[in-house]
Amino acid sequence: PKHREVLTEIIHAASSEGAKDLRARQLRDALGSIVLDGVAAGEITTEHTPETVTELILGAFYALMFNYANLDGYPVREQAHAMAKLLGDSIAPRS
């Protein structure tokens, strides 16, 4: 329960006026950079734009954090593992 409280406070602080836009852009830019590196290395599909892949990963992250912070008994570890597998399958280049 303490972890959920801390996560909720972090999300709240990060979304406060003035910090919200900056934090969201920093997270998006950092993840986008990782995706671009993956595309360049041939480890991420080029069927979709890097921006779309970034949005997919961010959406999964936000869903996990939201559910963990708000749903009692949410199996965050199991869901994170399942989501990572799904994302990996979804963004891997097709052979």
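All of these numbers come straight from a predicted model, not from anything done at the bench.

This part is about the confidence of the model for the chain. Atomic detail in the predicted coordinates should be set aside for any region of low pLDDT. Summarising the model, the chain shows a mean pLDDT of 86, and 82% of its residues fall at 70 or more. Taking the mean pLDDT of every element in the chain, the minimum, 67, falls on helix α1 (residues 2-14) and the maximum, 96, on helix α4 (residues 76-91).

This part is about the side chain of Thr 45. Here Thr 45 lies in the loop between α2 (20-40) and α3 (50-70). There is a polar contact of 2.9 Å between the side chain of Thr 45 and the backbone nitrogen of Glu 47. When near neighbours in sequence (up to four residues on either side) are disregarded, Thr 45 contacts Val 39, Ser 90, Ile 91, Ala 92 and Pro 93.

All right, on to the pattern of salt bridges then. Overall, the coordinates contain three salt bridges when judged by the stated rule. Two residues, Glu 47 and Arg 94, come together in a salt bridge whose shortest N-O distance is 2.7 Å. With Glu 47 in the loop between α2 and α3 and Arg 94 in the segment after α4, this residue pair connects regions lying 47 residues apart in the sequence. Note that Asp 89 is salt-bridged to Lys 85, the shortest N-O span being 3.2 Å. Of this pair, Asp 89 and Lys 85 both sit in helix α4, four residues apart, roughly one helical turn. Of the two residues, Asp 89 and Lys 85, neither departs from the other in class, the shared state being exposed.

Analysis parameters
Numbering of residues starts from 1 in each chain and follows the order in which that chain's sequence is written. Given that this is a predicted model, residues contribute local features only at a pLDDT of at least 70 and side-chain atom pairs are listed and counted only at 80 or more, while totals for whole chains, interfaces and linings are drawn from all residues. Side-chain measures were taken over the full set of non-hydrogen atoms in the model, leaving aside hydrogen atoms and water. Confidence scores labelled pLDDT are given residue by residue by the predictor and lie between 0 and 100. Each helix is a run of DSSP H or I of at least 4 residues and each strand a run of E of at least 2, with the numbering of both proceeding from the N terminus. For this analysis, a polar contact is any N or O atom pair within 3.5 Å, provided that within protein one partner can donate a hydrogen and the other can accept it, and provided that sequence-adjacent residues contribute only side-chain to side-chain pairs. The criterion used for residue contact is that any of the two residues' heavy atoms lie within 4.5 Å. Here, a salt bridge means any side-chain nitrogen of Lys or Arg that lies within 4 Å of a carboxyl oxygen of Asp or Glu. Throughout this description, buried means an accessible area under 20% of the type-specific maximum (1.4 Å probe, protein chains only), exposed means over 50%, and partly exposed covers the range between.

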